[in-house]
Amino acid sequence: IPSKFCFHVIIYMNKILLYVQFLASFIIAQSISMWGQFYTLKYPDLSMLKALAMALPFAWLDWFFMTIAVNLGHKYKLVTETQDTFLLIITQFTVILLMNKFFLKQPLSNSDLVAFGIILLAFAISYMNLVSKSLGIPIPKKDKKEEADENDVNAITNEDAAINA
C-alpha cells in the first residue's frame, strides 16, 4: 500500500504533466500562428490570394494545436479565461520579438523588454491573486457546477493514481 506522501506526489506530478502538455500545445499553436501572420512580410509583392495560400496551412496547424490546449485547459481547469488571454498575449509578444530580431532583422529596444516584463508581472498578479491576497479582498469562489466538474477531475486523477500505484 503506497504511503499518503507517494499518493500526493503522484497527483502533483499528474498536474505538472497536464500543465506541460497545455503550455506546449498552446505555445506551439501561437508560434505557428504568428509565423503564418509574419511569413509573408518578406514578400511585399505577393497578391492577396498567394499570401492567403501561404498563410492557410499555418492557420490549420494553429487550430489543431490550440484545440488540444483549449480542451486540456477547460477539462482540467488549468487557467481562467483571463489567464488564458494573458498567456496568449505573452506568447504572441515573445514570438513577435523573436521574429523581429531574427527573421525581420529589426533591433529590440529597451522599451520592448520593459513592456514584456510588465506583461509577465500582470500575469503573475492575476494567476496568484497577489493584490486580492495582499489587500485581504476575498477571491471569488467558483460556482457549484465548476466545483462539481473539478471534483470529477480530482476523482479521475485519484483513480488514475490508484491504478498506477
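Fair warning: this is a prediction, and the values are worked out from it, not measured in the lab. Just so you know, the residues in each chain are numbered from 1, in the order the chain's sequence is written. With pLDDT at 70 or above as the cut-off, local features in this predicted model cover only qualifying residues; side-chain atom pairs require 80 or more to be listed or tallied, and sums for whole chains, interfaces and linings still use all residues. Hydrogens are left out, water is left out, and the side-chain values use all remaining heavy atoms of the structure.

**Some thoughts on the overall build of the protein chain**
(1) Moving on: Within the protein chain one finds 6 helices and 0 strands.
(2) Moving on: Strands here mean DSSP runs of E at least two residues long; helices mean DSSP runs of H or I at least four residues long; both are numbered from the N terminus. Seen in sequence order, the protein chain has helices and strands lined up from the N terminus as α-α-α-α-α-α.
(3) Moving on: Remark: exposure states derive from per-residue accessible area (1.4 Å probe, protein chains only) relative to the maximum for the residue type, with buried under 20%, exposed over 50%, and partly exposed in between. Here the protein chain, with 165 residues, has 24% of them falling under the buried criterion.
(4) Moving on: Contact between two residues is taken to exist if any of their heavy atoms lie within 4.5 Å; hydrogens are not considered. In the protein chain, of all internal contacts separated by at least 6 residues, the share reaching a separation of at least 24 is 76%.

**Things to note about helix H1 (residues 4–39)**
(1) Moving on: Here a helix's expected span is defined as the number of its residues, less one, multiplied by 1.5 Å. In a regular helix each residue adds 1.5 Å, so 36 residues correspond to 52 Å; H1 covers 52 Å between its end C-alpha atoms and thus fits that length.
(2) Moving on: Buried residues in H1 make contact with helix H2 (48–75) and helix H3 (81–102).

**A word on the packing of aromatic side chains**
(1) Moving on: We call Phe, Tyr and Trp rings a pair once their centres come within 6.5 Å, taking the six-membered ring for Trp, and we label the pair stacked below 30 degrees between planes, edge-to-face above 60, and tilted otherwise. On inspection of all chains with the given rule, the structure shows 9 aromatic pairs.
(2) Moving on: Taken together, a centroid distance of 6.0 Å and an interplanar angle of 5° make the contact between phenylalanine 93 and phenylalanine 116 stacked. Taken together, the residues span a long stretch of sequence, with phenylalanine 93 in helix H3 and phenylalanine 116 in helix H4 (residues 110–128) at a distance of 23 residues.
(3) Moving on: Each residue in the set Trp35, Tyr39, Tyr43, Phe58 and Phe103 is aromatic and connected to the rest through ring pairs, giving one cluster.
(4) Moving on: Only Lys NZ and Arg CZ are tested; either one counts as a charge over a ring when it is within 6 Å of the ring centre and within 35 degrees of the ring normal. Of note, lysine 42 hangs over the ring of phenylalanine 103, and the distance from its end group to the ring centre comes to 5.2 Å.

**Observations regarding a nonpolar patch on the surface**
(1) Moving on: A contiguous nonpolar surface patch, about 700 Å² in accessible area, is contributed by Leu121, Ile125, Tyr127, Met128, Leu130, Val131, Leu135 and Ile137.
(2) Moving on: A per-element tally of the nonpolar patch places H4 first, with 4 residues.
(3) Moving on: For leucine 121, the position within the fold is in helix H4. Patches here: salt-bridge-free residues with over 30% relative accessible area, like charges joined within 9 Å, nonpolar side chains (Val, Leu, Ile, Met, Phe, Trp, Tyr) joined within 5 Å. Where accessible areas are quoted, they stem from the Shrake-Rupley method and a 1.4 Å probe; at the residue level, only the protein chains shown are allowed to cover. For this analysis, a salt bridge means a side-chain nitrogen from Lys or Arg found within 4 Å of a carboxyl oxygen belonging to Asp or Glu.

**Let's talk about the side chain of threonine 91**
(1) Moving on: Inspection of the secondary structure puts threonine 91 in helix H3.
(2) Moving on: Residue classification places threonine 91 among the buried positions, given a relative accessible area of 7%.
(3) Moving on: Not counting residues up to four positions away in its chain, the partners in contact with threonine 91 are Phe26, Ile27 and Gln30.

**Remarks on the nonpolar core**
(1) Moving on: With 14 residues, the main nonpolar core has Phe22 and Phe26 as its most contacted residues.
(2) Moving on: Where this core is concerned, the elements lending two or more residues are H1, H2, H3 and H4.
(3) Moving on: Ignoring sequence-local partners within four residues, the contact set of phenylalanine 22 consists of Ala69, Leu72, Gly73, Leu78, Val79, Asp84 and Leu87.
(4) Moving on: We call a set of buried residues a nonpolar core when its members are Ala, Val, Leu, Ile, Met, Phe, Trp, Tyr or Cys and they connect through side-chain atoms within 4.5 Å of each other. Grouped together as the second largest cluster of nonpolar side chains are 6 residues, Met34, Met99, Phe103 and Leu104 included.

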